[in-house]
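Read off the chains here:
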Amino acid sequence: MGPTQINGLPAHILLVHVVVVLVPLTAIALIACAVWPSWMRRMGLVLPLLALVTLVSVPLTTHAGEWLERHTASTPLIRRHTELGDGLLPWAIGLFVLAAGLWWWNRRTAAASTGGGTGGAAAPAMPLRVAAAVVCAVVAAGAVVQVYRIGDSGAKAAWTGNFSKSPASSQHR
């Protein structure tokens, strides 16, 4: 499905940085575009494309993580990280669907306001915009919280018992 190693290193430890950056970035952009229509007009197709890249990065990173899991000793911390990691894809799908829907809706309402559509589109716009902003905020927050939980569990899995609280040597190198 995707790379399992990059330059001799497990791809997961490199790809995870893409997810850690893109999920919050997509979440912030989604909320901004849902709350401020002018942002959506400025971003245009960039928002759904950003969400698509974010969505694609999640299964690539998960696949690389599953490869890494098969090549490391199984511990409760690794199993917890794996379980949490499997829960990110639905959030990434949600970000993409909402970004694409928001983009489509913005194009539709822009066409209606310039005379390209049928009349009457402005009346329900505010309640729909508020509802869309709330749904976008909930999904964005859920995605970011899930990334945090996964990252925290991954750091614990990688580092618990693997470092000393005191320097390894008293001499500076």
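Please refer to the structure higher up on the page.
Everything numeric in this text was worked out from a predicted model, so none of it was measured.

The rules we used
Residues numbered from 1 in each chain as written. Predicted model: local features only at pLDDT ≥ 70, side-chain atom pairs only at ≥ 80, totals over all residues. Heavy atoms only, no water. Helix = DSSP H or I, 4+ residues; strand = E, 2+ residues; numbered from the N terminus. Buried < 20%, exposed > 50% of the residue type's maximum accessible area, 1.4 Å probe, protein only. Contact = heavy atoms within 4.5 Å. Axes fitted to C-alpha atoms, helices over the stretch in contact; angles between N-to-C directions. Parallel < 35°, antiparallel > 145°, perpendicular 65-115°, else oblique. Left-handed = near helix turned anticlockwise from the far one by under 90°. Nonpolar A, V, L, I, M, F, W, Y, C, P; charged D, E, K, R; others polar.

With respect to the helices and strands, His81 occurs in helix H4 (residues 76–85). The exposure class assigned to His81 is buried, which follows from its relative accessible area of 17%. The residues contacting His81, other than those within four sequence positions of it, are His12, Ile150, Ser153 and Gly154.

Our focus in this paragraph is the packing of helix H3 (residues 46–70) against helix H5 (residues 89–113). Interaxial distance between H3 and H5 falls to 8 Å at its minimum, and their mutual angle equals 165 degrees. By the criterion of interaxial angle, the relationship of H3 to H5 is roughly antiparallel. Between H3 and H5 lies a crossing whose hand is left-handed. Mapping the contact onto sequence places Leu47, Pro48, Ala51, Leu52, Leu55, Val58 and Pro59 in H3 and Leu89, Ala92, Ile93, Leu95, Phe96, Ala99, Ala100, Leu102 and Trp103 in H5. Among the residues making up the contact of H3 with H5, the classes are represented as 16 nonpolar, no polar and no charged.

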